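Chain by chain, the residues:
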Amino acid sequence: MTLKRAHELPAGGIIVEAGNADAYNTGDWRTFKPEFVAENCIHCMFCWIYCPDTAVNIDTTAEKSRMIGFDYDHCKGCGICAQHCPPAAKGKAAIVMVRDEK
Amino acid sequence: MAKQEQVSLTGNEAVAYAFKQARPHVASAFPITPQTEMMHKFADFVANGEVDTEMILVESEHSAMSAAVGAAAAGARVITATSSAGFALMWEIVYVAASLRLPICMALVNRALSGNINIHCDHSDAMGGRDAGWIHLFCESAQEAYDNALMAFRIGEHPDVRLPVMINYDGFIISHTADSLRMLSADDAWKFVGPYKAAYSVLDTENPITVGPLDLTDYYFEHKVGEIEAHKRAFDVVRAVSAQYGALSGRGYDFFESYRLDDAEIAIVLMGSTAGTAKDVVDAHREKGVKAGLLKLRLFRPFPAAELAKALAGKKAVGVMDRAASFGAWGGPLFTEVRSALYGADRQPPVLNWIYGLGGRDCDLRQIDSVLERLADAARGKSGETVNLLGVRL
Ligand code: SF4
Ligand code: SF4
């Protein structure tokens, strides 16, 4: 992402483009990252609801939404999704937190 | 020139009238001496239906400035007022107002900061806020407080500036003393101030924006450039607005007032109500044949260094009087600015400093007389202390 020069910015440090956080990588200070184990996923969407960011990618094209993985440009590695992932209680975790080796 | 009414008002009342004439959408305030009467008077206007302003009575000055910032970010013309410790409590949000480029107008009725607790005038409150990004105007009288309060809106709201403006006037000396002044009619004042068109509004759902986001190492510095440059552009705007106001009211303003300064050999530089006393002392010295003069600074932020250096070039000695101490610094805040403006300038005069009037200590004729005597000695090459205390028992 090319950074803008001072004179290209709106006065007051306001953001005039809606939703431009999408283009801004805030996922680079993680210590742990969630890994998706697709075969254990029951597509309950808990992770999508609980994620404090918007880092859970889902496919909404089918009749029933499907969890498809993580947006690592925005995931902070907090692990909340893994905590709330129901299959984990049965020993078949669909989200596994691993150390993020960059 | 507009027809004006001659009235007798305290400085606080005069500013309340100016604020009423500017028809702000929102006023947020918390009482503190000696500011209280100003907002009290303004609240009367609101209660009597003389001005259509949303009055937000908050629980602290931190909240007063927070409410002001919120309202201004929504696109409102906003006023507030405070003094001393109240200003100190606002601190965090005072910076935010400038960073977000919100032209809030605030009366800062200058009062000493604690401790010990003191309700009287000095400029320590304003000087503490000198790096906050606001435009600072200083006043000598109730008339100037009224005039500057009206001009503040035009200066701060100008598209080239968009910065908050502080109208500084001395606690009690100006705020509570009845003074004779000329006031514009409501119509003339409104024609001068005019409606406010905000640069942005958080309530504009057609153009959604984010105000005050996290701003880290990659952009914060670039955003500060905006503030730095707005201050540079403010000089021209202050000049233009002051000239227009001068034509309307017959009272001319500039970055500073030069009183018998052009041919002066020794000169005093100061801000605020002490200028009135200093003019008398300058006159007395002139009668004795001493070429004394005064530079009364009106615009402290942005600091008009080049113009000031030009006005003081070739003087044989300059004395800066600071109504605030900057503890541990070499001299008061005005002194360090003035001396730095003159350093390396054309025909650089020696600059001495007097810190005076702390906690409302009266600055009488005798004290200013002693400054001019000492400047006359310095002009003759007699050495002495550069930074001095005035009117205190040592
Ligand atoms: S680790 Fe946290 S931020 Fe990342 S996807 Fe899970 S809940 Fe969202
Ligand atoms: S919470 Fe677990 S099971 Fe439910 S959708 Fe997310 S990954 Fe799949």
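Predicted model only: the values in this text are computed from it and were never measured.

## A short note on the site of ligand 1
Link 1 in the chain: If you check the shell around ligand 1, you find Pro-34, Cys-51, Pro-52, Ala-55, Val-56, Phe-70, Cys-75, Lys-76, Gly-77, Cys-78, Gly-79 and Cys-81 of chain A and nothing else.
Link 2 in the chain: For the shell around ligand 1, a count of residues per class yields 9 nonpolar, 2 polar and 1 charged.

## Notes on the site of ligand 2
Residues and elements named next belong to chain A.
Link 1 in the chain: Neighbouring residues of ligand 2: 14 residues in total, closest Cys-41, Cys-44, Met-45, Cys-47 and Cys-85.
Link 2 in the chain: If you map ligand 2 onto the pockets, it falls in the largest cavity.
Link 3 in the chain: Of the residues in the shell around ligand 2, the class split is 13 nonpolar, 1 polar and no charged.

## Here's the deal with the pattern of salt bridges
Residue and element names in this part refer to chain B.
Link 1 in the chain: Taken as a whole and assessed by the stated rule, the structure comprises 24 salt bridges over all chains.
Link 2 in the chain: Salt-bridge contacts for Lys-296 lead to Glu-257; the nearest nitrogen and oxygen are separated by 2.7 Å. Taken as a pair, Lys-296 in strand E11 (residues 292-297) and Glu-257 in strand E9 (residues 256-259) lie far apart in primary sequence, 39 residues in all.
Link 3 in the chain: Residues Asp-346 and Arg-347 are paired through a salt bridge, measuring 3.4 Å at the closest nitrogen-oxygen approach. Exposure class is identical for Asp-346 and Arg-347. Each is exposed.
Link 4 in the chain: A network of salt bridges, in which partner residues are shared, links Glu-140, Glu-144, Glu-257, Lys-279 and Lys-296.

## Describing the domain arrangement of chain B
All names here are of chain B.
Link 1 in the chain: What the domain assignment lists for chain B is domain 1 (4-249) and domain 2 (256-390).
Link 2 in the chain: Relative placement of domain 1 and domain 2: their C-alpha centres are 28 Å apart.
Link 3 in the chain: Between domain 1 and domain 2, the residue contacts involve 30 residues of the former and 26 residues of the latter.
Link 4 in the chain: Interface area, domain 1 with domain 2, both sides summed: about 2200 Å², of which 57% is carbon and sulfur.
Link 5 in the chain: For domain 1, the biggest contributors to the area lost against domain 2 are Arg-130, Glu-140 and Phe-235; these three give 28% of the whole.
Link 6 in the chain: Counting across the domain 1 and domain 2 interface gives 15 residue pairs in polar contact (both at pLDDT 80 or more).
Link 7 in the chain: Secondary-structure elements contributing two or more residues to the side of domain 1 that touches domain 2 are helix H5 (124-128), strand E6 (135-138), helix H6 (142-157) and helix H8 (220-249).
Link 8 in the chain: Looking at the side of domain 1 that touches domain 2 element by element, the count peaks at 6 residues for H8.
Link 9 in the chain: By residue class, the composition of the side of domain 1 that touches domain 2 is 15 nonpolar, 8 polar and 7 charged.

## What about the sheet that holds E6 of chain B?
Residues and elements named next belong to chain B.
Link 1 in the chain: Spatial strand order, E3-E2-E4-E5-E7-E6-E12: 7 strands in an open sheet with mixed pairing. Taken across any chain shown, the strands that pair with only one partner, and hence form the sheet edges, are strand E3 (54-57) and strand E12 (299-301). Taken over all neighbouring pairs, the strand axes of this sheet differ in orientation by 20 degrees on average, direction set aside.
Link 2 in the chain: With 4 bridges joining them, strand E2 (residues 26-29) and E3 adopt parallel strand pairing.

## Looking at the confidence of the model for chain B
Link 1 in the chain: Mean pLDDT over chain B: 97, with 100% of residues reaching 70 or higher.
Link 2 in the chain: Confidence estimates for the predicted assembly give a pTM of 0.93 and an ipTM of 0.87.

## Description of empty space enclosed by the protein
Link 1 in the chain: Inspection of the entire model under this criterion finds 3 cavities of 30 Å³ or more.
Link 2 in the chain: Volume-wise, the largest cavity comes out at about 80 Å³.
Link 3 in the chain: Across the lining of the largest cavity, the residue classes tally to 12 nonpolar, 1 polar and no charged.

## Quick look at the packing of helix H1 (residues 11-21) of chain B against helix H2 (residues 36-47) of chain B
All names here are of chain B.
Link 1 in the chain: In the contact formed by H1 and H2, the axes pass within 8 Å of each other and the chain directions differ by 40 degrees. In terms of orientation, H1 lies oblique with respect to H2. The two elements H1 and H2 cross, and the hand of that crossing is right-handed. Contacts from Asn-12, Glu-13, Val-15, Ala-16, Tyr-17, Phe-19 and Lys-20 of H1 reach H2 at Glu-37, Met-38, Lys-41, Phe-42 and Phe-45.
Link 2 in the chain: Across the contact of H1 with H2, the residue classes tally to 7 nonpolar, 1 polar and 4 charged.

## A closer look at the nonpolar core
Residue and element names in this part refer to chain B.
Link 1 in the chain: Within the largest apolar cluster, 108 residues are counted, with the highest numbers of intra-cluster contacts made by Phe-19, Phe-42 and Met-65.
Link 2 in the chain: Tallying contributions element by element places H6 first for this core, with 9 residues.
Link 3 in the chain: Per-domain counts for this core show at least three residues from each of domain 1 (4-249) and domain 2 (256-390).
Link 4 in the chain: Those residues in contact with Met-65, other than ones at most four positions away along the chain, are Thr-80, Met-90, Ile-93, Val-94, Ala-97, Ile-104, Met-106 and Trp-134.
Link 5 in the chain: Formed by 23 residues, the second largest nonpolar core is a distinct cluster that contains Val-281, Val-282, Leu-294 and Ile-368.

Scoring rules and cut-offs
Residues numbered from 1 in each chain as written. Chains lettered and ligands numbered in written order. Predicted model: local features only at pLDDT ≥ 70, side-chain atom pairs only at ≥ 80, totals over all residues. Heavy atoms only, no water. Near = heavy atom within 4 Å. Nonpolar A, V, L, I, M, F, W, Y, C, P; charged D, E, K, R; others polar. 1 Å grid on protein atoms, 1.4 Å probe; cavity = no way out; pocket = protein on both sides within 12 Å on 5 of 7 lines; lining within 4 Å. Sits in = over half its atoms within 2 Å of the grid points. Salt bridge = Lys/Arg side-chain N within 4 Å of Asp/Glu carboxyl O. Helix = DSSP H or I, 4+ residues; strand = E, 2+ residues; numbered from the N terminus. Buried < 20%, exposed > 50% of the residue type's maximum accessible area, 1.4 Å probe, protein only. Domains from an automatic or database assignment. Contact = heavy atoms within 4.5 Å. Buried area = accessible area lost by both parts, 1.4 Å probe. Polar contact = N/O pair within 3.5 Å; in protein donor to acceptor, adjacent residues only side chain to side chain. Pairing = 2+ DSSP bridges. Axes fitted to C-alpha atoms, helices over the stretch in contact; angles between N-to-C directions. pLDDT = per-residue confidence, 0-100. Points joined across faces, edges and corners; volume = space filled by probe spheres on them. Parallel < 35°, antiparallel > 145°, perpendicular 65-115°, else oblique. Left-handed = near helix turned anticlockwise from the far one by under 90°. Core = buried A, V, L, I, M, F, W, Y, C linked by side-chain atoms within 4.5 Å.

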